[in-house]
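# Commentary on secondary and tertiary structure
Below, each chain spelled out in residue letters.
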Amino acid sequence: EPEVTQTPSHQVTQMGQEVILRCVPISNHLYFYWYRQILGQKVEFLVSFYNNEISEKSEIFDDQFSVERPDGSNFTLKIRSTKLEDSAMYFCASRPHRGPSDQPQHFGDGTRLSIL
Amino acid sequence: SQQGEEDPQALSIQEGENATMNCSYKTSINNLQWYRQNSGRGLVHLILIRSNEREKHSGRLRVTLDTSKKSSSLLITASRAADTASYFCATVPFNAGGTSYGKLTFGQGTILTVHP
């Protein structure tokens, strides 16, 4: 069964550095998402991406964050000038075809980001 | 309480027993979904129930939805040790304009431990 893949599984970065988290969504999916989960807390929505543009974003997703789908297969989350509080598990998800939103999202196993 | 609050926060049962988890939410929804997360892994979709549905079954899973009380329950029957995981409800908001990109709002989750 096709799956969403994320790399790396664990990223350790110095505070203030930039990181890029990578995701390969399921190939025929059209909606893409990033979520994050700070240790011990709930999963939080960051951003959704459809038709090569951001369709919705949360308050967390400020100018520090950006997303890109550079080549039709990868979907990346860039965090500029990382802060200690950016330490979390970041999940990528994708959802098939257009239409009503009552389609389940398929999640990757996440990238654990540790800011030192 | 916040959107998508589950109770109990933790549930410990013996193999073969039933497990019931509850979820409450605050805003109007298009659908409600239940996800499972094994330790250190991504979220796996279990079942989706639309706002116009009251009950849904999938194998050993039974989900109910009461939109008047803004609540849902997940019942796992004849539990197994392999069911040990965290379970999250997540809601997709109702959008009167018809455009919804499927953003999920998660609850805190219930940690289920099934003892052999």
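Look a little higher up for the structure.
Structural notes, computed from the coordinates. (Residues numbered from 1 in each chain as written. Chains lettered and ligands numbered in written order. Predicted model: local features only at pLDDT ≥ 70, side-chain atom pairs only at ≥ 80, totals over all residues. Heavy atoms only, no water.)

### Points about the state of the cysteines
A full pass over the atoms with the stated rule returns two disulfides over all chains. Across a sulfur-sulfur distance of 1.9 Å, Cys23(A) and Cys92(A) are joined as a disulfide pair. In this structure, the disulfide formed by Cys23(A) and Cys92(A) twists by about -65 degrees around the S-S bond and is classed as left-handed. Taken together, the residues Cys23(A) in strand 3 (residues 19–24) and Cys92(A) in strand 9 (residues 88–96) connect sequence positions 69 residues apart. For Cys23(A), a relative accessible area of 1% translates into the label buried. Across the disulfide, Cys23(B) is cross-linked to Cys89(B) (sulfur-sulfur distance 2.0 Å). Judged by the torsion about the S-S bond (65 degrees), the Cys23(B)/Cys89(B) disulfide is right-handed. (Disulfide = S-S within 2.5 Å. Helix = DSSP H or I, 4+ residues; strand = E, 2+ residues; numbered from the N terminus. Buried < 20%, exposed > 50% of the residue type's maximum accessible area, 1.4 Å probe, protein only.)

### Examining the sheet that holds strand 3 (residues 19–24) of chain B
All names here are of chain B. Strand order across the open sheet formed by five strands is 1-3-8-7-6, with antiparallel pairing between neighbours. The sheet terminates laterally at strand 1 (5–7) and strand 6 (55–58), the two strands that pair on one side only. Strand after strand, the sheet turns through a mean of 15 degrees between neighbouring axes, direction not considered. In this sheet, strand 8 (residues 71–76) lies alongside strand 3 in antiparallel orientation, the contact comprising six bridges. By the bridge assignment for strand 8, Met21 is matched with Leu74. (Pairing = 2+ DSSP bridges. Axes fitted to C-alpha atoms, helices over the stretch in contact; angles between N-to-C directions.)

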